[in-house]
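# Structural description and commentary
Here is how the chains run, residue by residue.
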Amino acid sequence: MAKKRKKKARSRKGRKHVPASQLPALGEKQLREGKFSEAVKTFRQLTEANDDKRWRSFHRQAYQGRIGQLLAKGMAKEALAIYRNMVDYCQTENPSLYFSLLLKGGYAEKAVALFVDLEESLAKTAGQMVAELFAAYLLSGHEQVLRFLPDGHLLKSQFPSADMALQAYCDGNNGNVEDHLRKITFRSPYRNFRLALKGMLAFEEDRTAAEDCFAKIPATSIFRKMVIPYRSIIDYPPGKSAKLTSREQQVVQSLQGISKSTARFIEGITARQNNAVQLFTFLVGRQKFLSGHKLRDICYRLLIHAENKYVNFVRIFGELDYFQYNRMLALGGEVDGDYWEACQDWQEAFAGIPAGDDPQDNLRKALILRHCVELLEREDGAFDYEQRAEMLEKSLEYDSGDLSCWLKLLDLAAHDGRQRYYKLVNRMLAEFPNNVEVLLRGVMAAVDRGAYKKAGKLADKVLQIDPINSKAKQLLIDAHLEHGRKLARQGKFVLAVKECQAAAQDNNGNYVPGVLEICHGLILVLAGDKDAGLTLHEQGVGMADNLVSGCFQACMEARLLQYSGKLLKPFDRRLKDACKGKPEVRGLLDFAALLQRYGAKEKQAVQNLRPIVTSWLASGLKLDLDKGAYLQLCAILQQQNYFELLTKYGKKADKLWPDSPLFVFYYLCGKSRAGSKKISNRELDRLEDMLELAELQHDRKSVMLIEELLKKLLFSGKISPNGAMGNALSGFLEMFENNETMRDEMLQIMESEDFLDADFDDEKW
């Protein structure tokens, strides 16, 4: 016979007295931890000591939590007893919960009788919730409750229609569902069931209609639970899901047509979607869910973000070919932001493409080369025009029909001498003989090199294709004017006048105001018709946007027509008198545009007029200009070498917009080129700070300009000897102390007049 065990004494650790001051914190902790029985006792003690509304609210939460626990265990009768205690102690009722507990506890007859007695006295919302509770109870298979309901009650009279609609839906007879649902009235306790079933019916064919039905079901309705799986699919994108019960998850899986194991697989992918290494490991460990080809393709793409898994990849799928391997490295480099290395890997991948005339392979080669150019443009400090131009030109050997590539190559060629630019334009004209954009480039190139007849023919061709092309008309007028000036300089005044007349005939009012009349008038003066010429000239000056602009145009046209010094004096004197006035914003910007326009043709002539217009331009500093106006003015002043003014405008703009790197560049560029003062260490530190800011802002233009300026300042002698940059210069010069060839070449460049415009070979230095 087994020996009886001695009973252990129960621990009384949990029954120790708790000070009243600690009871609130203890009760809240018990609620958080789901210890609702203990929380009920704690908050009962608090409410008995102090009938505070807050403690009563917590007390009610504890009771409701305990009721939920008991219902989860199927202990409805016990839950009903707890509910009665809640009503007694918390002085609050929840009719919907009470009737639910009665039905689940097996007291259906009592529940129906009580509902019929209290139906009219219940609040509208509470009454609807209880009625829907009984409706759901009946539809869930408890039809025997119908006998407890009085004849004529809506719950009883509307039940057959709702029940037959549900049965038809389960049998797949969608047409019958609609017929039965129509019989459910608006006041029926089954009306939200009708909306739910109607939305479920529309779910497969019209998600919008289904969503409209679901949205009309109140949040308090018990029938809203029917559509939770459907709303989960509508409201959440693929890979995301709401918090659902296991049963609701099964419904969602059924609607999506996936098995339980597949659903877990999808959940696993979703959980690891932001970690390539974990996702790679997860996928290769569950190969049955994906075909070998698809799995290999996905894992290959993951290698771009998880290069350390390459050994595992090779073990499972085999070695990659030369192209795929280098493509993987290149894309990985792009992800890491190492564009230079990525470019090298892409060129290795290029070498792995088979040689031959396969169009698909040739297109891949062309696209890789063009992508490499884009990577070089992203790389900070990588502004090697020649290398990018070579890549683009080579890409055109494999795919010559890409116009954007030709245009980019043309822009790069502009940095490498005009002859190469002209040859490239001619090649483009042969490749795209009827493309308006290419024809316009051809017109500009022809005007630039003095081939005015060719420019006119190309412009006419553009207008035949696009009769309202304003750019073509302006270029055609430019060609006539340039040709007229050339003929006038050669003494062929009759022909020159004809060109001016042709330009005027093509003008539709959009050309620069006054230029045609001034040029035509000055040519007539040279031809001997002084009165008519000066009259036309005066007309042109009056047509200009402002007097300063008109007088400036006259001075420039006279110089372009090679007027002698004596003949120029009246024009210059009149411009000087006009500059005694003060500019307006519009007039200042119009004049700046003229500086840019004439500076492209005759930069030296624009420089000669600088002493006359400087004071007028400087008075523009008192105007209220916006940021765009300052950027426009500074860019033009830099292009035309008006460095004293550039310093002033750049400095003022920097004060107004201190976080704009370009204004710091313009200010210090002007100061260094004007030659008045050295650049202080403080200013250089500011310039370096702006370089970092421009890099953060991905402002490539500012990065390029500031880097070039810093490079040139390092050798120019514009840096103060003290400070970090001064020390850097000293240290740099020491590198060449024992290298006579490099030292002599460097000194030769520094002594040249064009030192600040010189290009440095980064690799050599």
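Scroll up to find the structure this text is about.
Figured I'd write up the structure that's included with this text. (Residues numbered from 1 in each chain as written. Predicted model: local features only at pLDDT ≥ 70, side-chain atom pairs only at ≥ 80, totals over all residues. Heavy atoms only, no water.)

This part is about helix H18 (residues 310–317). Residues separated by three or four positions in an α-helix point in the same direction, a consequence of the helix having 3.6 residues per turn. When we look at burial in H18, the residues that qualify are Tyr310, Phe313, Val314 and Phe317. Looking straight down H18, one finds its buried side chains confined to an arc of 95 degrees; they lie on one side. Away from its buried face, by an angle of more than 90 degrees, H18 presents the exposed residues Val311 and Arg315. In this structure, the buried residues of H18 make contact with helix H16 (276–284), helix H17 (292–303) and helix H19 (322–336). The first or second residue beyond H18 is Gly318, which carries a positive phi of 95 degrees. (Buried < 20%, exposed > 50% of the residue type's maximum accessible area, 1.4 Å probe, protein only. Helix = DSSP H or I, 4+ residues; strand = E, 2+ residues; numbered from the N terminus. Arc of directions from axis to C-beta. Contact = heavy atoms within 4.5 Å.)

Here the focus is the pattern of salt bridges. For the coordinates displayed, the defined rule picks out 22 salt bridges. Glu377 is the partner of Lys408 in a salt bridge, and the nearest nitrogen-oxygen pair spans 3.8 Å. Of this pair, Lys408 sits in helix H23 (residues 403–413) while Glu377 sits in helix H21 (residues 359–378), placing them 31 residues apart in sequence. You can call Lys408 partly exposed: its relative accessible area is 29%. Residues Asp654 and Arg686 are paired through a salt bridge, measuring 2.7 Å at the closest nitrogen-oxygen approach. (Salt bridge = Lys/Arg side-chain N within 4 Å of Asp/Glu carboxyl O.)

Bringing the environment of Thr220 into the picture now. Following the sequence through the fold, Thr220 ends up in the loop between helix H12 (207–215) and helix H13 (228–235). Assessed through its relative accessible area of 47%, Thr220 is described here as partly exposed. Once the C-alpha coordinates of Thr220 and Ala126 are considered, the two residues, 94 residues apart in sequence, prove to be 9.4 Å apart.

Okay, the packing of aromatic side chains next. Evaluated as defined, the whole model comprises 23 aromatic pairs. A centroid spacing of 6.4 Å and a plane angle of 85 degrees characterise the contact between Trp406 and Phe432, whose relative ring orientation is edge-to-face. Here the residue Trp406 occupies a position in helix H23, and Phe432 occupies one in the loop between helix H24 (418–431) and helix H25 (436–448), the gap between them amounting to 26 residues. Take Trp406 and Phe432: they sit in the same class, and that class is buried. Centre to centre, the rings of Tyr563 and Phe571 are 5.9 Å apart; their planes meet at 80 degrees, and the pair counts as edge-to-face. (Phe/Tyr/Trp six-rings, centres within 6.5 Å; stacked < 30°, edge-to-face > 60°.)

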